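Now for the letters of each chain:
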Amino acid sequence: MLLSVRKISKTFPVSRGLLGNPTSFVRALEEVSFDVEQGRITGVVGESGCGKSTLGRCVVGLHEPSEGSVWWGGEDLFKMDVRKRRALQRRFQMVFQNPFASLNPRQKVREILFETLEVHGLLGANERISFTKDLLEKVGLQTGDLEKYPHEFSGGQRQRIGVARALVGQPELIVLDEPVSSLDVSVQASILNLLAGLNRVQKISYLFISHDLKVVGYLSERVMVMYLGRIVEEGLTAQVLQNPRHPYTKVLLAASDGKSVPVKGEPPSPVNKPPGCSFHTRCPYAEKRCFEETQELAVVDQSLKVACWKWDHL
Amino acid sequence: MVLRGVNLAIHEGECLALVGESGCGKSMTALSILNLLPSPPMEIRSGKILFKKQNLKDLTETDWRKLRGKEIGIIFQEPFTSLNPVIRVGEQIEEVLRIHSNIPVGEIRTSVYRLLTDVGLSDPERISEQYPHQLSGGMCQRVMIAIAIAGNPSLLIADEPTTALDVTVQAQILDLLFQMKEKFRLSVLFITHDLRVVRNHADRVAILYAGQVVEEGPPEKLFDHPQHPYTEGLLESLPEFSHKGRPLYSIPGAVPSPFAPKKGCAFAERCPKVENKCRQLEPDLNEKNKGHWVRCYYPSEK
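What this report covers is the structure whose coordinates are included nearby. The model shown is predicted, which means the values in this text are computed figures rather than measured ones.

What follows deals with the interface of chain A and chain B. Opposite the 38 residues of chain A that make contact, chain B presents 32 residues. Both faces combined, the contact of chain A with chain B buries some 2600 Å², and carbon together with sulfur accounts for 54% of it. The interface formed by chain A and chain B includes 1 salt bridge. Here E240 of chain B ties to K214 of chain A by a salt bridge, and the two come within 3.1 Å at their closest N and O atoms. There are 18 residue pairs in polar contact (both at pLDDT 80 or more) connecting chain A and chain B. Of all elements in the fold, only helix 6 (185-202), helix 7 (213-219), helix 8 (237-242) and helix 9 (247-256) of chain A reach the threshold of two or more residues within the side of chain A that touches chain B. Considering each element in turn, the side of chain A that touches chain B owes the most residues, 7 residues, to helix 6 of chain A. Its residues assigned to classes, the side of chain A that touches chain B shows 15 nonpolar, 14 polar and 9 charged.

See the structure below:
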């Protein structure tokens with residue numbers, strides 16, 4: 001297995017007392033487990049505050065989970081020694097949401113792309129130029145762009161630079177955190193085509209994080225739907241989108257078609273999660289049991305998992 | 001030139017959706033109608049803006065103050081930046097009522113509570129005492145809607161009112177907006193980049209490209225039988241599960257610069273159907289079918 005995530009939880013302090021010791025916490029992730037196979041695209045979808053970005057950052061090692069473990073090709077990411085982790089790091093890369101903030105404005109594209117090569121001591125000085133030129137063409141930019149600064153590019157082109165930077169180390173997995181949400185639809189389409197092509201040709205796996213069920217559905221083979229730090233439904237994209245079982249997935253699906261939804265209010269703050277099933281405060285089907293029992297993610301049909309005891313009679 | 005000969009008409013009780021990508025001039029259209037263009041450097045060079053048969057360009061700033069916020073309500077994209085952070089939300093609604101209505105002072109509070117209830121906020125006594133930062137994005141946008149309808153307007157301009165919100169909240173705010181439209185018989189100019197939202201809510205849709213309306217018509221015609229190659233391109237670039245495994249259409253090139261307009265059709269550079277004629281002379285907006293207008297020499301035959 002390329003990536004295995006086992007029961008990871010992540011807690012952040014949100015306020016501190018007089019002496020700087022944390023007094024209240026937010027549980028951004030709760031017991032999240034999943035696997036990503038080689039060459040597969042796994043989508044993560046949910047609204048702001050559901051923990052999807054924290055999940056992405058834990059997977060590449062930018063955050064250390066408070067509990068649980070992350071396995072890169074059979075090795076425990078947070079237990080391996082530093083040198084080994086560094087060597088493996090280039091195979092697990094990330095593309096960030098905001099292409100205006102994630103590129104250093106004072107570095108030329110060449111410097112941005114060379115950094116990974118230098119850190120990992122890859123290729124000789126002569127090969128580096130031709131390698132990065134090829135890379136730029138692969139992501140739909142021109143070789144002359146190597147000597148330009150980020151501000152000379154449009155949003156879509158910058159996101160291509162972000163993808164190129166992730167590709168430098170010839171990764172096996174890229175975590176893409178909302179890579180197209182700041183782009184116009186026609187630009188978005190061209191980036192999605194690029195990503196789909198890279199996956200098809202180079203067999204790179206993605207953990208594709210987005211708030212947009214349409215985008216996730218188009219690109220991913222499997223989908224995980226998150227709500228307040230937990231996965232509430234997980235399965236093949238076809239299963240989840242054509243026959244959603246969890247009430248929250250149903251709501252997301254209706255909303256992404258521009259239809260009206262049967263829920264009221266907004267997701268509660270993750271600092272103050274409701275007891276029981278955390279969706280019960282907004283769920284149109286909630287009963288007494290939902291207020292009392294936490295709903296665990298359980299297999300309901302082959303590879304489909306749902307965290308709702310009423311999944312079968314909705 | 002940011003806008004080049006935009007013609008729009010909104011009838012009573014109708015919702016016109018103005019759709020386009022960033023930089024096409026959607027927000028500038030709204031600001032022009034409201035006389036809020038950042039001027040200088042921007043100015044309206046020519047044309048008329050008629051509101052209930054009155055040319056808005058003739059109004060003085062004093063007249064404008066009586067119109068804006070009363071006859072014409074506005075909802076902007078970012079609820080947090082449009083509300084005043086240091087004034088309680090109740091007072092912000094009250095202000096509109098004090099200036100624009102003749103409700104006696106003693107009854108203004110009651111009217112504030114009624115408005116808050118109208119926009120779906122329960123417990124209006126408590127909410128009206130809160131500051132914007134104490135409310136969520138969705139609640140702030142509800143307050144914005146309350147402010148917009150407080151003056152009892154006949155036209156509501158909503159500029160990307162749900163873009164900053166989460167999808168499930170977005171759906172609720174849209175529902176509310178269109179309930180208010182029915183309840184108060186509002187005409188709405190709904191500005192958005194989101195084609196999916198438009199389909200279910202608008203009476204008519206106008207697609208804006210490079211400062212011009214390139215296609216206009218009822219949503220079912222425009223979505224099922226798009227005529228302009230730009231509209232077709234936009235619709236085909238929307239990701240759908242059913243389209244999985246096939247590349248999405250993406251419109252080649254980029255939006256032309258408003259600083260250096262070229263002759264001919266503004267979309268010619270990016271158009272798959274471009275002919276010599278398109279590069280020479282800009283096409284007019286023509287009525288292809290009843291109520292369905294398109295600015296193209298070679299509209300789709302579909």
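A few words now on the sheet that holds strand 7 (residues 204-209) of chain B. Residue and element names in this part refer to chain B. In space, the 8 strands of this open sheet follow the order 4-5-6-1-7-8-10-9, with mixed pairing throughout. Two strands in the sheet have a free side with no partner beyond their single neighbour: strand 4 (72-75) and strand 9 (286-289). Looking at each pair of strands side by side, their axes are set apart by 25° on average, direction ignored. Where strand 4 lies against strand 5 (residues 155-159), 4 bridges are found, and the strand directions are parallel. For I74, the partnering residue across the bridge sits in strand 5 and is I157. Of the strands in this sheet, strand 1 (15-19), strand 5, strand 6 (187-192) and strand 7 are in contact with helix 1 (residues 26-33), which crosses strand 6 at around 145°. Against the sheet, helix 11 (residues 229-236) touches strand 7 and strand 8 (212-217), its axis set at about 100° to strand 7.

Here the focus is the packing of helix 7 (residues 137-150) of chain B against helix 8 (residues 167-183) of chain B. Residue and element names in this part refer to chain B. Across the interface, helix 7 lies against helix 8 with an axial gap of 10 Å and an inter-helix angle of 15°. By the angle between their directions, the pair helix 7 and helix 8 is classed as roughly parallel. When you trace helix 7 past helix 8, the crossing you get is right-handed. The segment helix 7 lies against helix 8, with G138, Q141, R142, I145 and I149 engaging V169, Q172, I173, L176, L177 and M180. Taken together, the residues of the contact of helix 7 with helix 8 break down into 7 nonpolar, 3 polar and 1 charged.

Within the structure shown, the criterion is met by 9 aromatic pairs over all chains. Ring centres of W72 of chain A and F92 of chain A lie 4.0 Å apart, and the angle between their planes is 5°; this geometry places the pair in the stacked category. Residue W72 of chain A is located in strand 4 (residues 67-72), and its partner F92 of chain A is located in strand 6 (residues 92-95); the two are separated by 20 residues in the primary sequence. Taking relative accessible area as the criterion, W72 of chain A reaches 2% and is therefore assigned buried. Both rings, one in Y230 of chain B and one in F267 of chain B, keep their centres 5.4 Å apart while their planes meet at 70°; by these two values the pair is edge-to-face.

Basis of the calculations
- Residues numbered from 1 in each chain as written.
- Chains lettered and ligands numbered in written order.
- Predicted model: local features only at pLDDT ≥ 70, side-chain atom pairs only at ≥ 80, totals over all residues.
- Heavy atoms only, no water.
- Contact = heavy atoms within 4.5 Å.
- Buried area = accessible area lost by both parts, 1.4 Å probe.
- Salt bridge = Lys/Arg side-chain N within 4 Å of Asp/Glu carboxyl O.
- Polar contact = N/O pair within 3.5 Å; in protein donor to acceptor, adjacent residues only side chain to side chain.
- Helix = DSSP H or I, 4+ residues; strand = E, 2+ residues; numbered from the N terminus.
- Nonpolar A, V, L, I, M, F, W, Y, C, P; charged D, E, K, R; others polar.
- Pairing = 2+ DSSP bridges.
- Axes fitted to C-alpha atoms, helices over the stretch in contact; angles between N-to-C directions.
- Parallel < 35°, antiparallel > 145°, perpendicular 65-115°, else oblique.
- Left-handed = near helix turned anticlockwise from the far one by under 90°.
- Phe/Tyr/Trp six-rings, centres within 6.5 Å; stacked < 30°, edge-to-face > 60°.
- Buried < 20%, exposed > 50% of the residue type's maximum accessible area, 1.4 Å probe, protein only.

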